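Structural overview
As a plain string of letters, each chain reads:
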Amino acid sequence: MGSFLDCLNLCLGKGTCMLAYGSDENCNLCDIYTTSSINQRTASDGIQIGVKVDSLMSCPVDFKDLQYTQTDTSDSYTLSYTDPAWTIAYDKKCIDDSWKMFIRPQGGACLKVSKMPGLNQTDSGTFCKENGAGYELSGMQFKMEWSYIMESARALIGSVPTRDYTTVWLGGTMRTYCYPDNRPSNCTGIQAFENFPYQDNFDAYVFTHGSPNFTRPYPGQDYYNACLQLNLKQNKEAWDGKVTNVMCQFSCNGGTAICAVAYACVGLAI
């Protein structure tokens, strides 16, 4: 709530924001790479728009005047007008259209969820690497990436009535000094894990009750709950959308009730 000027200032203060639209009653912010076109509305709608131009906000009086190239960051974009819409072209792209681009600290990063039942964490990571140099199992930088992984996995996996949950392998492994045998007190939550490529934010991680689990699953054997999975409901739903730490060596954890069916990959845009 507030003036549309407040909305513009919110976008200016958010490093990943490229576009603000709305009115004095509502404000919508769009990050870079989330928008591909801008369509004209009628003035009676009362919708205003501003696009970030080299650390300023451009708010054209005439819709056709909205043209420029953003160049002051590593993530540049150009607007071009063909009646009745503006098209936004980015200077970076993914290897093909099956990947979705998001903003990461290093710039544009491409995510994709693939279905492959029966893979352990190492095999999933190997398949990610086959996409090219720098491709790894992906974590979740922001809630938008969590939503993308969840929606993609649901579409790919569908219903599996023989499981309580199906899961998606994520990036991240337990720090060696956090293993249960000699775990210090600072090994809690997501801080107990490392190896998150191109990632510096972890707000999207919500662990299931009792996770992370720092007990050794099989006493006397060298298996640890050292890898991360994202859960999707099947017969049960309390863990839906939440993260658990599981044994890396097996596709199914907890008997056959919870099994990995997909994996998420990330690589920097080119």
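Residues numbered from 1 in each chain as written. Predicted model: local features only at pLDDT ≥ 70, side-chain atom pairs only at ≥ 80, totals over all residues. Heavy atoms only, no water.

Under an unreviewed UniProt entry, the name given to the protein is PAN-3 domain-containing protein, and the source organism is Caenorhabditis briggsae.

1. Thoughts on helix α3 (residues 143–157)
The end-to-end C-alpha separation of α3 is 21 Å, in line with the 21 Å expected for 15 residues at 1.5 Å each. In this fold, the buried residues of α3 make contact with β9 (100–104), β10 (107–115), β12 (165–174), β14 (227–233) and β16 (258–268). Immediately beyond the C-terminal end of α3, within one or two residues, lies Gly158, with a positive phi of roughly 70°. (Helix = DSSP H or I, 4+ residues; strand = E, 2+ residues; numbered from the N terminus. Expected span 1.5 Å × (residues − 1). Contact = heavy atoms within 4.5 Å.)

2. Points about the pattern of salt bridges
Summed over all chains, the structure comprises 8 salt bridges. Lys129 serves as the salt-bridge partner of Glu136, at 2.8 Å between the closest nitrogen and oxygen. On the basis of relative accessible area, Glu136 is assigned to the partly exposed category, the value being 29%. Note on Lys129: relative accessible area 47%, which makes it partly exposed. Salt-bridge contacts for Asp181 lead to Arg216; the nearest nitrogen and oxygen are separated by 2.4 Å. With Asp181 in the loop between β12 and β13 (193–194) and Arg216 in the loop between β13 and β14, the pair connects residues that are 35 residues apart, well separated along the chain. On the basis of relative accessible area, Asp181 is assigned to the partly exposed category, the value being 46%. The exposure class of Arg216 is partly exposed, given its relative accessible area of 22%. (Salt bridge = Lys/Arg side-chain N within 4 Å of Asp/Glu carboxyl O. Buried < 20%, exposed > 50% of the residue type's maximum accessible area, 1.4 Å probe, protein only.)

3. A word on the state of the cysteines
One pass over the full model with this rule turns up 7 disulfides. Here Cys178 connects covalently by a disulfide to Cys187, the sulfurs 1.9 Å from one another. Handedness here is read from the sign of the S-S torsion; for Cys178 and Cys187, about -75°, the answer is left-handed. Cys187 sits in the buried class, given a relative accessible area of 0%. Two residues, Cys252 and Cys259, share a disulfide whose sulfurs are 1.9 Å apart. The S-S bond linking Cys252 to Cys259 shows a torsion near 110°; that makes this disulfide right-handed. Look at Cys252 and you get partly exposed, because its relative accessible area is 25%. For the unlinked cysteine Cys30, the closest cysteine sulfur is that of Cys17, found at 7.3 Å. For Cys30, a relative accessible area of 15% gives the class buried. (Disulfide = S-S within 2.5 Å.)

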